[in-house]
Amino acid sequence: MSAFDTPLPHGEDRAPARAKSVLVIACGALAREILAICAANQLDHVELTCLPAQLHNTPDKIPEAVKATIEENRDRYSEILVAYADCGTGGLLDRVLEDTGARRIDGAHCYAFFAGLEAFDRLEQDQLGTFYLTDFLARHFQTMVVEPLGLDWNPELRDLYFGNYSRVLYMAQTDDPSLENAARFAAKRLGLPFEMTRTGYGLLGDFLNAPGNASDPGSQRS
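1. Let's talk about the nonpolar core
Residues Val24, Ile34, Ile70, Tyr84, Leu133 and Leu204 are the most contacted members of the largest nonpolar core, which totals 69 residues. Take this core: its biggest share by element is six residues, from strand E1 (residues 22–27). Those residues in contact with Ile70 that lie beyond four places of it in its chain are Ile25, Ile80, Val82, Val96, Leu97, Thr100 and Ala102.

Structure representation (C-alpha cells):
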C-alpha cells in the first residue's frame, strides 16, 4: 500500500454499512483532512474510501474510477458524497455524478475549495503564475512533483517547467511547522519566492457536516 492509498480497509475486510450511513469517495490526497474533520465533528455515520492521489497525473481516468467505486457501493449506503472537485476532468466527472445521483464538493480543484471559491479567484487575479501547495503536496513534494517531472535526473528541466511561475503559495490546512519547512524547501527547490496562507479545511468541513451546503465561498470551517 502506498502513501496515497486509502488508510481504510476495502472489500470483504470492511464491516457492513449501517443504515443511513454515508460513504465519502475521496482523492487520497484528502484522506488525512477528511478523517480529521470526521473525528472532530463526531461524524460516526461517515465512512471513507480513497482513490490513489496519482490519478491527478491522468485526470481522464478519475471519472471512470469514481463511477466504478459508486457502483460497487451504491446499494450499501444511503448517500454517497464525492470529495473531488472537477480536478481537470473537463466536466466528465459531473456527468458521472448526474448519472449516479452522487454529489461532489464545489470547485475546479482542491485549491479552490480550500481557499473558498471567491477567495481563490482573488488569489488568481492578484498574481498570475502561482504554484500552489497544500499540506499533502508539501508532505509528498518529492514523490508528487520532483520524481514525476524528473527533476532529480534532469535538473535543467526546472526552468523549463517553472520558468513562467512567479511564486509558490502554500495553503496550510494545519498549523504544522514541519510542513511549513517542507513547503519552504519546495519553493527553494523550484527557485521561486515563498508565500503562505492558512486556509484550514475550507469548504470541505461544510461539505461533510452539511451535505449539499458547501457552496459558501467565504467558508473557512476547520
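More follows now that the structure is in view.
2. As for helix H2 (residues 62–73)
Along its twelve residues, H2 runs 17 Å from first to last C-alpha, staying within 8% of the 16 Å computed at 1.5 Å per residue. If you check which residues of H2 are buried, you get Ile62, Pro63, Val66, Thr69, Ile70 and Asn73. Across the axial projection of H2, the buried residues extend over an arc of 135 degrees, all falling on one side. Opposite the buried face of H2, by more than 90 degrees, sit the exposed residues Glu64 and Glu72. Considering only its buried residues, H2 is in contact with E1, strand E2 (46–51), strand E3 (79–83) and helix H3 (92–100).

3. Examining helix H9 (residues 177–190)
Its 14 residues give H9 an end-to-end C-alpha distance of 20 Å, which sits within 8% of 20 Å, the value for a rise of 1.5 Å per residue. What H9 keeps buried is the set Leu179, Glu180, Ala183, Ala186, Ala187 and Leu190. Taken around the axis of H9, the buried residues stretch over an arc of 115 degrees, which confines them to a single face. Relative to its buried face, H9 has exposed residues pointing more than 90 degrees away, namely Pro177, Asn181 and Lys188. Phi for Gly191, located one or two positions after H9, is positive at around 70 degrees.

4. Quick look at the packing of H2 against H3
Relative placement of two packed helices is described by the angle separating their axes and the distance separating the axes. The geometry of H2 relative to H3 is characterised by a closest axis approach of 9 Å and an angle of 20 degrees between their N-to-C directions. Overall, the two elements H2 and H3 adopt an arrangement that is roughly parallel. Considering only the axes of H2 and H3, their crossing is right-handed. On H3, the residues that touch Pro63, Val66, Lys67 and Ile70 of H2 are Leu92, Leu93, Val96, Leu97 and Thr100. Taken together, the residues of the contact of H2 with H3 sort by class into seven nonpolar, one polar and one charged.

5. Describing the sheet that holds E1
Taken in spatial order, the four strands line up as E2-E1-E3-E4 in an open sheet, and their pairing is parallel. Looking at which strands have only one partner, the edges of the open sheet turn out to be E2 and strand E4 (103–104). Across two bridges, E3 lies against E4 in parallel orientation. The residue of E4 that forms the bridge with Val82 is Arg104. Across the sheet, helix H1 (residues 31–40) is in contact with E1, E2 and E3; its angle to E2 comes to roughly 175 degrees.

Definitions and cut-offs
- Residues numbered from 1 in each chain as written.
- Predicted model: local features only at pLDDT ≥ 70, side-chain atom pairs only at ≥ 80, totals over all residues.
- Heavy atoms only, no water.
- Core = buried A, V, L, I, M, F, W, Y, C linked by side-chain atoms within 4.5 Å.
- Buried < 20%, exposed > 50% of the residue type's maximum accessible area, 1.4 Å probe, protein only.
- Helix = DSSP H or I, 4+ residues; strand = E, 2+ residues; numbered from the N terminus.
- Contact = heavy atoms within 4.5 Å.
- Expected span 1.5 Å × (residues − 1).
- Arc of directions from axis to C-beta.
- Axes fitted to C-alpha atoms, helices over the stretch in contact; angles between N-to-C directions.
- Parallel < 35°, antiparallel > 145°, perpendicular 65-115°, else oblique.
- Left-handed = near helix turned anticlockwise from the far one by under 90°.
- Nonpolar A, V, L, I, M, F, W, Y, C, P; charged D, E, K, R; others polar.
- Pairing = 2+ DSSP bridges.

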